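Descriptive structure summary
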Amino acid sequence: MTTPVRKEPSMETQKALLAGYFSRLARAKEDKRPVVYTFVPGNLAELLGAFDVAPVYPEVNALQSAMRQRSSDFIREAERAGHSEDVCSYVKCDLGMMMKGNVGPTGEVIPPPDLLLLSFTGCFTFMKWFELLRDQYDCEVAMLHIPYQGDGEITDEMRRYVVDQLQREVIPKLEKVAGHRLDLDRLRERLARSRKAEDDLAWVFRAAQHRPSPIDAYFGGVYYIGPIFTSFRGTDEACAYYAELRADVEARLAAGEGPTTPSGTLSDQKFRLVVEGPPNWTSFRDFWKIFHDEGAVAVASTYTQVGGTYERGFRHDPANPLESLADYCLSCYTNLSLPARSKVLADMVKEYDADGFVVHSVKSCNSFSAGQLHMLREVEKLTGLPGGFIESDLVDARYYGHSNIKNRIESYLQMLAARRGASRPTEVRA
Amino acid sequence: MKVFLGVDLGSTTSKAVLVDEAERVVGRGITNTRSNYDVAVEVARRDAITDARLAMTLGLVGDAGAAIAQAFWVEQDLLRLERLRQTCRAAAAATPGEGPRLAPTVDMILARLFDEADTLFNAEARTRGSFFRDIVGARFHALAEEVCQRGAIDFERLLGVYDRAILEAENEVIDASFDEMFAAAIERAGVEGPARDAALAAAERAGGEAIDLAGFVGTGYGRARLPFPRDCIRSEILCHGLGAFTMLPQTRTVLDIGGQDTKAIQVDERGLVTSFQMNDRCAAGCGRYLGYIADELSLGLHELGPLALQARRPSRITSTCTVFAGTEIRDLLSVGEKREDVLSGLHRAIITRAMSLLARSGGVYDELTFTGGVARNEAAVAALRDMVFTHYGPRTVNVHTDSIYTGALGAALFAKRGVPAEDLDDAKKECTGCSA
C-alpha cells in the first residue's frame, strides 16, 4: 500500500519557514518590532505585515507544543492555577506556557504582547482568553467584531460594519503601537502576494479531485495551511513556498502517486474521505496512521478552511484592501452557520467524489463541536452517504483514546466497504 | 459439510458460531475470556465444531439424544476437571512448607467435585451462563470452607492453591476424541440395549462426514489478537448489526451492551450498518459496571436483574462511573434505601446512558434488538423497554435467547459472504488458530 517515506523540497521549506518565524519572533524586541497577539481565524496578516509587527498566534503555539509532547505539562500548570478540566485545552496550554516562562514550542521565548488584537469570528472562548491575557500583560487591546453569517451570506452592511471597525479601532491601534501611519500601497502589495499564494494553495487542494489523490487534504493539509494561515500571508516567502508546493504536487500527479505521509506514500487509496473538525495534535501521527493503515485518504477537509476559504474560492483583492480583509474575516469557516457548514461538507463530498465523511469532534472546542451530530445527519441527507463520528481533543492527551478511535474508524470504513459490496443503494434515515 | 466460522473474542466471553452454506447455524461454542486469548478462542472454536458434530450425530439418535447431549458436555468438563486435579496437586506440592498437608485436602475436594459432576455441570448451569471456572470455583470455595472449619488447614492457602491451579488448567487446550467422549456419554446417560447400539451407529455414520472449514472471520473487543489474517477481521459493530438482523429480520436498531463498551447501531433492510455510536474510552455503564456492583453486594451477576425487578421505589442514581458506583451504593444503603431499589436505580442509570447513544446514532426504529451480555439481565431489559416507550413511543424491543452469539453469528455470515474463495487457501495457511 505504501512506499518508503520521502521528504519533498516543499516540506523542508515549510519546516524552515516556521522555524524562522519562531526565531524572528524571539528577536522581535531587540529588532524593535512591536508584538501583536492574534488568532488564526480572521487574522489580518497583511495588515500586520504592512505595519511590520511580529504576530503571535497562541493556538498555533499550543498545537506546536502538543506535537512536541509539551502540552500536558502546560495544561497541568494551568489547572493547578485554577482553570477547570472543562476549559478549552488551547487556552490552558497557552496559559500554562506563559506561567512557565512563555517558552515557545521551539524552545525560544515568546515575547510579551504590545497589542492583543482579537478578530472575533465565532469563538467566544477567544474573547475570554484575551481577557485573561489582558489582565496578565496590561497592554493595548483591539477588538474586531465579525458579524456571524447566520443567514449564510455576507451583506454590504456586514462588510461596512467590519471596515468601519478596521478604520476606527484596529488601524489606529496598530498605528499607535507601530509608531507610524498605515501605508495603503504596502497593504495592497501584500494582498496581491496573498492572492498569488492563495491561487497556488487552492490549486493544490483541488488536485485531490484526481485519483489517486496526490495530497491528503486533512493530515497533509494542516502542513500546507501553516504559512498562509499565519504570518506568512502576503510575503514573498509564502509565494515561493506555495509555488514549490504546487510543483511537488504536480510532480506526484504526473507520476500517479499519492500523498507523502509519515508511513510512506499512500497511492493505493481504498477510501476517499472528507473530514470535518480539527485534528488531534498530541497524537497527530498516530491519528493519521489509523486512517493511513486502512488506505483512507482525506480528499477535502473543513479544518483547512478556518483561516481562509481559499479552496472554496475566496481570494484577497488588492483593489479593495479593507473590504477584502472584511470579506476574508466574514467568510472564515468558523464564522459560518451550521447549514452553511453542512453545505460546505456536502459540496466537498460531491466535488471530490468522496466515499464518505468523518466528523472529528473535539471536547475542547464548543464553537466547533456544538451541532456536529446535527450536521452529520444533514450531510447524510444531502449526500446519501453515512458519516463517521470520532471524538478526542485538540491538545489534551488525556482525551485521545487510540483504541476507541481506531475501532470507530475501522468500523466506519468496513461499513462503507460493506455498502460498496452491496448492489442496491441503501436507505439513509432522516 | 462445508462450514464458516465466526469468532467473537469479547472482553468477558469468547464465542464461536459455525454456519453452513445455507447460512444455518450448525454449531456454537462459548467460554470465558481468560488471560490467554488464544486458548479462549481455541476452546470456543473447538466447542463449536464439537457442537456441530454432536448435533449431526444426535439428529440420527432419536429419543435418547437429549440425555446423551447433557452427558456429553459433562464428559467434556470432566476432562478439564482431571487437568485441574493435576495442576492442583502440583500447586499444593509447590506451596513452601505446606505441601504435604495441603495435598490430601486438595485431593479430597477434587474427589468431591468428581462425585458431584452430574449436578455441577448440569444444563441449568450452562443456561445461566456459568463457565467451568465459575462452577468449579464456587464449589471449591464452599468445600474449602467446610474443610477449614474442621481442621488446621489455612483457608487462604487452600484457595491460593486453587487460584494458581485454575489459571494453568484453564489456559490449556485439552485434546479430546469426539468418539471416546460420545461413547462415555452414552454410558453416563445410562442408555442401554438397542438405543445404545443405535447411538453408536449414529456416531459412526455422522463421523464419516467431514466438517470442512471454508472460511472464517473474527470480531470482538480482542479481534486484533486473533491469529487471523487482516482480511478475516471485522468490526464487532458490523457483526452485531448483521447478526441481530439475521436472528430477527425486522431489526433496524441494535443496542449492544457488552463488558467494555456500549454500541448503538442502525441497520438497513439488508442488515448493513448505516450509522453507529459507541461510548468513549470510559466503560461506565457497561457489563463491567454490573460485575463490579455484583461484587460490591456479594451477589452473583445473574442475581442482580431478578433482585432489581423487585424494586418498589427505584433509587435515583446519578453516576454510571464504575469507580464511584461502590461509594454511591454504600451511601444509599446507609441512608436506608433498599437493596432492590438501589439496584433498580443502577439498571436505569445504565439504560439512560445507552439511550443517549441511541439518540446520537439516529434514534430507535422498529424493531430494536438488544444484544450483548447485559441483554441477559431482565432488569436492564425492562428499563430499556420503559425508556424506549417514553422517548419513542411503541417499539418492539427484542432480546433473542441466543443474543450472546450475535457478534459471532455476524462474523460467520461475513465469512460465508465476504471471503473470496481464491483467498481461502492462503488464509488457511496463515491462520495458525484455525486448523480444523
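Residues numbered from 1 in each chain as written. Chains lettered and ligands numbered in written order. Predicted model: local features only at pLDDT ≥ 70, side-chain atom pairs only at ≥ 80, totals over all residues.

Turning to the overall build of chain B, a few remarks are in order. Counting its regular elements, chain B contains 17 helices and 9 strands. Since a compact globule built from 436 residues should have a radius of gyration of about 22 Å, the 23 Å found for chain B is in line with a globular shape. When the backbone C-alpha atoms are referred to their principal axes, chain B occupies close to 60 × 60 × 40 Å. Residue pairs at least 24 apart in sequence account for 73% of intrachain contacts in chain B once pairs closer than 6 positions are excluded. (Helix = DSSP H or I, 4+ residues; strand = E, 2+ residues; numbered from the N terminus. Rg over C-alpha atoms; globule rule 2.2 N^0.38 Å. Contact = placed C-beta atoms within 7 Å.)

In terms of regular secondary structure, chain A is built from 16 helices and 11 strands. Against the 2.2 N^0.38 benchmark of 22 Å for 430 residues, chain A shows a C-alpha radius of gyration of 21 Å, consistent with a compact globule. When its C-alpha atoms are laid out on the principal axes, chain A stretches across 70 × 50 × 45 Å. When contacts within chain A are restricted to residue pairs at least 6 apart in sequence, long-range pairs at least 24 apart make up 78% of them.

Residue and element names in this part refer to chain B. Running from amino to carboxyl end, helix α2 (residues 65-93) crosses helix α3 (residues 99-115) at an angle of 165 degrees, the nearest separation of the two axes being 8 Å. As summarised for this structure, α2 and α3 are arranged roughly antiparallel, according to the angle between their axes. Here α2 runs over α3; the crossing is right-handed. Residues L81, R85, C88, R89, A92 and A93 of α2 touch α3, and the partners they reach there are G99, L102, A103, V106, L110, L113 and F114. Residue composition of the contact of α2 with α3, grouped by class: 10 nonpolar, 1 polar and 2 charged. (Axes fitted to C-alpha atoms, helices over the stretch in contact; angles between N-to-C directions. Parallel < 35°, antiparallel > 145°, perpendicular 65-115°, else oblique. Left-handed = near helix turned anticlockwise from the far one by under 90°. Nonpolar A, V, L, I, M, F, W, Y, C, P; charged D, E, K, R; others polar.)

For the rest of this paragraph, the subject is the domain arrangement of chain A. Often, the extent of an interface is quoted as the loss of accessible area on bringing the components together. Residues and elements named next belong to chain A. Split into domains, chain A comes out as domain 1 (24-182) and domain 2 (186-421). The C-alpha-based centres of domain 1 and domain 2 are spaced at 23 Å. Of all the secondary structure elements, the ones that give two or more residues to the side of domain 1 that touches domain 2 are α2 (45-50), α3 (58-67), α4 (71-80), α5 (89-99), α6 (124-137) and α7 (156-178). Grouping the amino acids of the side of domain 1 that touches domain 2 by side-chain chemistry returns 27 nonpolar, 13 polar and 2 charged. (Domains from an automatic or database assignment.)

All names here are of chain A. Pairing is parallel in the open sheet, where 4 strands are placed in the order β3-β2-β4-β5. Here the strands that pair on one side only, and so sit at the sheet edges, are β3 (54-56) and β5 (140-145). Recorded for the sheet is a direction-independent mean angle of 25 degrees between the axes of neighbouring strands. Note that strand β4 (residues 115-120) and β5 share 6 bridges and pair parallel. Opposite L115, over in β5, you have E140 as the bridge partner. (Pairing = 2+ DSSP bridges.)

Residues and elements named next belong to chain A. Turning to helix α11 (residues 284-293), its buried residues number three or more, namely F287, W288, I290, F291 and H292. Elements that come into contact with the buried residues of α11 comprise β6 (260-261), β7 (264-266), β9 (296-301) and α16 (402-421). Following α11 by one or two positions, G295 adopts a phi angle in the positive range, close to 70 degrees. (Buried ≥ 20, exposed ≤ 12 C-beta atoms within 10 Å, placed from the backbone.)

Once that is clear, we can look at the domain arrangement of chain B. Examined at the domain level, chain B breaks down into domain 1 (65-186) and domain 2 (249-399). Distance from the C-alpha centre of domain 1 of chain B to the C-alpha centre of domain 2 of chain B: 34 Å.

Turning our eyes to something else, we now look at the pairing of strand β8 (residues 271-276) of chain A. Residue and element names in this part refer to chain A. Among the 6 residues in β8, 6 count as buried, and that is most of the element. Across 5 bridges, the pairing between β8 and β9 is parallel. Of the residues in β9, the one forming a bridge with F271 is A296. Handedness of the crossover joining β8 and β9 through α11: right-handed. (Right-handed = clockwise from strand over helix to strand, strands pointing away.)

Moving on, we come to the sheet that holds strand β7 (residues 273-278) of chain B. Strand pairing in a sheet takes place through backbone hydrogen bonds and is either antiparallel or parallel in direction. Residue and element names in this part refer to chain B. Taken in spatial order, the 5 strands line up as β7-β6-β5-β8-β9 in an open sheet, and their pairing is mixed. With partners counted over all chains shown, the strands left at the sheet margins are β7 and β9 (397-398), one partner each. One ladder, built from 5 bridges, connects strand β5 (residues 253-257) with strand β6 (residues 262-267); its direction is antiparallel. Residue pairing in the sheet places D256 in a bridge with K263 of β6.

Here we take up helix α11 (residues 287-296) of chain B. Residues and elements named next belong to chain B. Considered for burial, the residues of α11 that qualify are G287, Y289, L290 and I293. For α11, the arc enclosing every buried residue in end-on projection is 155 degrees, short of the 170-degree limit, so these residues lie on one face. Positioned one or two residues after α11, S298 has a phi angle of 50 degrees, which is positive. (Arc of directions from axis to C-beta.)

Turning our attention to the interface of chain A and chain B. Listed by partner, the interface residues are 19 residues for chain A and 19 residues for chain B. Elements that contribute at least two residues to the side of chain A that touches chain B include exactly β11 (387-392) and α16 of chain A. Among the elements that line the side of chain A that touches chain B, the one with the most residues is α16(A), at 9 residues. Split by residue class, the side of chain A that touches chain B holds 7 nonpolar, 6 polar and 6 charged.

When pLDDT is averaged along chain A, the result is 94, and 97% of the positions lie at 70 or above. Residue range residues 423-430 of chain A is modelled with pLDDT below 50. Its contacts to residues more than four positions away, or to other chains, number 16 contacts. (pLDDT = per-residue confidence, 0-100.)

Residues and elements named next belong to chain B. Overall, the predicted model of chain B reaches an average pLDDT of 87, with 93% of residues at or above 70. Predicted confidence is poor over residues 421-436, with pLDDT under 50, and the contacts of this stretch with residues over four places away or in other chains come to 27 contacts. Listed scores for the predicted complex are pTM 0.87 and ipTM 0.81.

Cis geometry is found at the peptide bond from A:R211 to A:P212, where omega equals -10 degrees. Structurally, A:P212 is set in the loop between α8 (184-206) and α9 (221-228). Following B:D366, the chain continues into B:E367 via a peptide bond in cis, with omega recorded as 5 degrees. By the secondary structure assignment, B:E367 is in the loop between α14 (339-361) and β8 (368-371). One non-glycine residue, A:K32, adopts positive backbone phi at about 60 degrees. As for its position among the elements, A:K32 is in the loop between α1 (9-26) and β2 (35-37). On the neighbour-count criterion, A:K32 (8 C-beta atoms within 10 Å) is exposed. At A:Q69, a position not held by glycine, the phi torsion is positive, near 60 degrees. You can see A:Q69 is positioned in the loop between α3 and α4. Take A:Q69: there are 12 C-beta atoms within 10 Å of it, and that puts it in the exposed class.

Time to look at the nonpolar core. Core analysis: the biggest nonpolar cluster contains 214 residues, and A:V274, B:L18 and B:A412 have the highest contact counts within it. The leading source of residues in this core is α14(B), at 10 residues. With residues up to four places along the chain from it excluded, the contact list for A:V274 reads A:V299, A:A300, A:S301, A:L345, A:M348, A:V349, A:Y352, A:A354 and A:F357. Among the nonpolar cores identified, the runner-up in size contains 41 residues, and B:F72, B:Y162, B:M181 and B:I186 belong to it. (Core = buried A, V, L, I, M, F, W, Y, C linked by C-beta atoms within 7 Å.)

Moving on, we come to the pairing of strand β2 (residues 13-20) of chain B. All names here are of chain B. Counting buried positions over the 8 residues of β2 gives 7, a clear majority of the element. Here 7 bridges tie strand β1 (residues 2-9) to β2, and the two strands are oriented antiparallel to one another. Directly across from G6, in β2, lies its bridge partner V17. What sits between the antiparallel neighbours β1 and β2 is a turn of 3 residues. One ladder, built from 7 bridges, connects β2 with strand β3 (residues 25-32); its direction is antiparallel. Bridged to V19 within β3 is V25. From the end of β2 to the start of β3, which pair antiparallel, there are 4 residues, and E23 there has a positive phi angle of about 65 degrees.

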